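The residues making up each chain are set out below.
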Amino acid sequence: MKFGVVIFPGSNCDEDIIHVLEKIMGQQVVRLWHKDHSLQGCDFIVLPGGFSFGDYLRSGAIARFSPIMQEVIKFAQNGGYVMGICNGFQILTESGLLPGTLLHNKNRKFICRNIYMKPQTADTLITAQIDPQRALKIPIAHGEGNYFAAPEVLKTLNDNNQVIFRYCDEAGNITDEANPNGAIENIAGICNEGRNVFGFMPHPERAADPLLGNEDGLAIFESILSLVKA
């Protein structure tokens, strides 16, 4: 399978995700600069975490207009797989590929620590092979991870099983105390109605190497590759 990782000025998790896809999962990876006009025949596009140009306005608001994003939008609208992690999730909401928005954390502080999240549906590429009762320990590192959606949008997300991850405690209980940033209904990640665009705040690529002492994030990558063969 051929993955494309989009790199914006300020991306700082691009090499992390490339390492996991290339070295651990054994997949072909292409680096896509934000000014590129071609996806180079990639099967799956990843928008990594970090800081994109223009984040001082609103996270992802300027990056959404990068030349490569016009190609990513067309790719997604044609059914292509796109996954945004952290800042990548913010860019996907700004580009209209995912509903809702990411606000400042409730405590107005940058948060960098391990949290727990668990899948809310098995009906997506990235969660299909994950035990629905399993609480994954995954790092977060963000200042604007507080997911918010209007009531009608939230209803649609719930009715269509588009919420893919919720923050929980180590035992899998979804509680206010387990919510690190104030996200509405503990939402850590969502997908689009077509189930080919995914966005979430936690960083599974930072929990996918035995050297880091945590491999819970591998469950997401293994789920992708178990359903979409190279």
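Residues numbered from 1 in each chain as written. Predicted model: local features only at pLDDT ≥ 70, side-chain atom pairs only at ≥ 80, totals over all residues. Heavy atoms only, no water.

Asks: Would you mind going over the pattern of salt bridges in detail, with residue names and values included?
Replies: Per the stated rule, a full pass over the model turns up six salt bridges. Here Glu 15 and Arg 31 are joined by a salt bridge, their closest N and O atoms 3.1 Å apart. Here the residue Glu 15 occupies a position in helix H1 (residues 14–24), and Arg 31 occupies one in strand S2 (residues 28–33), the gap between them amounting to 16 residues. With a closest N to O distance of 3.3 Å, Arg 134 and Asp 216 form a salt bridge. Note that Arg 134 is positioned in the loop between strand S6 (111–119) and strand S7 (136–142) and Asp 216 in the loop between strand S11 (197–200) and helix H5 (218–227), a separation of 82 residues in sequence. Assessed through its relative accessible area of 33%, Arg 134 is described here as partly exposed. (Salt bridge = Lys/Arg side-chain N within 4 Å of Asp/Glu carboxyl O. Helix = DSSP H or I, 4+ residues; strand = E, 2+ residues; numbered from the N terminus. Buried < 20%, exposed > 50% of the residue type's maximum accessible area, 1.4 Å probe, protein only.)

Asks: So what's going on with unusual backbone geometry? Which residues, and what values?
Replies: The phi angle at Glu 185 is positive, at roughly 55°, despite the residue not being glycine. Note that Glu 185 resides in the loop between strand S9 (163–168) and strand S10 (187–191). Notably, Arg 195 is not glycine yet its phi reads approximately 60°, a positive angle.

Asks: So, the pairing of strand S4 (residues 81–85): which residues are in play, and what are the values?
Replies: Taken across its five residues, S4 has four buried, putting it largely inside the fold. Strand direction decides the pairing type here: strand S3 (residues 44–47) and S4, joined by four bridges, are parallel. Across the sheet, Phe 44 pairs through a bridge with Tyr 81, a residue of S4. Pairing of S4 with S11, which is carried by four bridges, proceeds in the parallel orientation. Bridge assignment links Val 82 to a residue of S11, and that residue is Val 197. (Pairing = 2+ DSSP bridges.)

Asks: Explain the packing of aromatic side chains to me, using residue names and the numbers behind them.
Replies: Tallying each qualifying case throughout the model produces four aromatic pairs. Measuring from centroid to centroid gives 6.0 Å for Phe 89 and Tyr 147, while their planes differ by 15°, and the two rings are stacked. Here Phe 89 is found in helix H3 (residues 87–94), whereas its partner Tyr 147 is found in strand S8 (residues 146–148), with 58 residues between them in sequence. Judged by relative accessible area, which is 1%, Phe 89 ranks as buried. Between Phe 165 and Phe 200 the ring centres are 5.8 Å apart and the planes differ by 80°, which places this aromatic pair in the edge-to-face class. With a gap of 35 residues between them, Phe 165 in strand S9 and Phe 200 in strand S11 connect regions that are remote in the sequence. In terms of burial, Phe 165 and Phe 200 fall into one category: buried. In textbook terms, an aromatic cluster arises when at least three aromatic residues are bridged by ring pairs, as seen for Phe 3, Phe 44 and Tyr 81. (Phe/Tyr/Trp six-rings, centres within 6.5 Å; stacked < 30°, edge-to-face > 60°.)

Asks: An account of the sheet that holds strand S1 (residues 2–7) is requested, with residue identities and associated values reported.
Replies: Ordered by their spatial adjacency, nine strands build an open sheet running S2-S1-S3-S4-S11-S10-S9-S6-S7, and the pairing between neighbours is mixed. The sheet terminates laterally at S2 and S7, the two strands that pair on one side only. Sheet twist, expressed as the mean angle between neighbouring strand axes with direction ignored, is 25°. (Axes fitted to C-alpha atoms, helices over the stretch in contact; angles between N-to-C directions.)

Asks: So, the environment of Phe 3: which residues are in play, and what are the values?
Replies: Along the chain, Phe 3 turns up in strand S1. C-alpha separation for the pair Phe 3 and Ile 45, spaced 42 residues apart in sequence, amounts to 5.8 Å. Here Phe 3 is in contact with Leu 21, Gln 27, Gln 28, Val 29, Val 30, Cys 42, Phe 44, Val 46, Ile 224 and Leu 225, once residues within four sequence places are set aside. (Contact = heavy atoms within 4.5 Å.)

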